[in-house]
Amino acid sequence: MVSENFNIEAPNYLSKESEVLIYARQDSQCIDCFQAFLPVHYRYHRPHSKDGETFIVVSNPDLLMYCDQEFPILKCWAQSKVAAPCALKNKDICQWNNMKYKSVHKNVTLQVPVGLTIHTTLVCSVTLLITILCSTLILVAVFKYGHFSL
């Protein structure tokens, strides 16, 4: 679940950090295990003058658990309560327990390729030429094979 004002196409320099709620499913192979998948989308970054890459640090997530009568008391001990939607397709708010856990990695660092400023003129020129060429080919095909009636 992503916030309503989330623009996935906005470049990095025009976007803000966002929170994502991921609801995990219980692993069928392990009784005490859960699986969750985090979709990652690299945003466009400003071109760099020297280095063609940038690094993004993804912090460790907060682990929230909603405990009801089915869970034993010891497994639901938590540091604090957090208000969040009860389910993915449900707008009701539940009090989730913010759980402590031991992470395998401190943070995940992603290496993202970025363009170089010295290539700006070349990229813009080639993009313009290809756009003109493709537009011309489309117009030729429309006039050659199109059926027009007035």
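Thresholds, definitions, all that
- Residues numbered from 1 in each chain as written.
- Predicted model: local features only at pLDDT ≥ 70, side-chain atom pairs only at ≥ 80, totals over all residues.
- Heavy atoms only, no water.
- UniProt positions renumbered as here; feature names shortened; annotations may be inferred.
- Helix = DSSP H or I, 4+ residues; strand = E, 2+ residues; numbered from the N terminus.
- Polar contact = N/O pair within 3.5 Å; in protein donor to acceptor, adjacent residues only side chain to side chain.
- Contact = heavy atoms within 4.5 Å.
- 1 Å grid on protein atoms, 1.4 Å probe; cavity = no way out; pocket = protein on both sides within 12 Å on 5 of 7 lines; lining within 4 Å.
- Points joined across faces, edges and corners; volume = space filled by probe spheres on them.
- Nonpolar A, V, L, I, M, F, W, Y, C, P; charged D, E, K, R; others polar.

If you check an unreviewed UniProt entry, the protein chain appears there as Phosphatidylinositol-glycan biosynthesis class X protein from Pipistrellus nathusii. What UniProt states about the protein chain under its Subcellular location (unreviewed entry) heading is, verbatim, "Endoplasmic reticulum membrane". In UniProt, the protein chain has this text filed under Sequence similarities (unreviewed entry): "Belongs to the PIGX family."

Enquirer: Give me the side chain of His45: which residues, what numbers.
Expert: Structurally, His45 can be placed in the loop between β2 (34-35) and β3 (53-58). Of note is the side chain of His45, whose polar atom sits 2.6 Å from the side chain of Asn12. Beyond its immediate sequence surroundings of up to four residues, His45 is in contact with Asn12, Tyr13, Thr54, Ile56, Val112 and Val114.

Enquirer: Could you give me a rundown of the layout of surface pockets, with the residues and numbers involved?
Expert: Of the pockets and cavities examined, the second largest pocket occupies roughly 240 Å³. Residue lining of the second largest pocket: twelve residues in total, with Tyr23, Ala24, Arg25, Gln35 and Ala36 positioned closest to the centre. Here the lining of the second largest pocket is composed, by residue class, of eight nonpolar, two polar and two charged.

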